[in-house]
Amino acid sequence: MAKYDALFEDEDDIFNGTPESKYWDIHDQTSVDLRRDEFDRIVGRLAAMEAMLSETHDYEDLDKIVKRFCLSDPDRLHELKKSVYMELAGQLIYRVAD
């Protein structure tokens, strides 16, 4: 599933760091207003995902469901997080260049 596996076959390959470290490097170089706006976009996306999950699961059980998913396949979660960090870093770069 990870969109960027080829870029990170070795954690410290092409970009001299992990997707997470590169995201934070980019994050730290952007303006406070841009960071706040991007964080608000992420919170909105999280809220939408919670609303979608609540359509098929009891809202009060969502935290347990998410924790169970995280514990069930930590390797898959690690790969998904790498893709998300790359996506978020791309969004910051795009917004800075805009």
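Here the structure is shown first, and the text comes after it.
Here we summarise the structure given alongside this text. (Residues numbered from 1 in each chain as written. Predicted model: local features only at pLDDT ≥ 70, side-chain atom pairs only at ≥ 80, totals over all residues. Heavy atoms only, no water.)

Focus on the layout of surface pockets
Taken as a whole, the largest pocket holds about 1200 Å³ of empty space. Forming the boundary of the largest pocket are 31 residues, of which L46, M49, L77, K81 and V84 lie nearest the centre. Mapped onto the lining of the largest pocket, the elements with two or more residues apiece are α1 (19–28), α2 (32–54), α3 (62–72) and α4 (74–97). For the lining of the largest pocket, the element with the highest residue contribution is α2, accounting for 11 residues. Residue composition of the lining of the largest pocket, by class: 20 nonpolar, 2 polar and 9 charged. (1 Å grid on protein atoms, 1.4 Å probe; cavity = no way out; pocket = protein on both sides within 12 Å on 5 of 7 lines; lining within 4 Å. Points joined across faces, edges and corners; volume = space filled by probe spheres on them. Helix = DSSP H or I, 4+ residues; strand = E, 2+ residues; numbered from the N terminus. Nonpolar A, V, L, I, M, F, W, Y, C, P; charged D, E, K, R; others polar.)

Overview of the packing of α2 against α4
The N-to-C vectors of α2 and α4 enclose an angle of 140 degrees; their axes lie 11 Å apart at closest approach. Classified by the interaxial angle, the pair formed by α2 and α4 is oblique. Two packed elements cross with a definite hand, and for α2 against α4 that hand is right-handed. Only E87, L88, Q91, L92, R95 and V96 of α4 make contact with α2, whose side of the interface consists of L34, D37, E38, R41, I42 and R45. The residue inventory of the contact of α2 with α4, partitioned by class, reads 5 nonpolar, 1 polar and 6 charged. (Axes fitted to C-alpha atoms, helices over the stretch in contact; angles between N-to-C directions. Parallel < 35°, antiparallel > 145°, perpendicular 65-115°, else oblique. Left-handed = near helix turned anticlockwise from the far one by under 90°. Contact = heavy atoms within 4.5 Å.)

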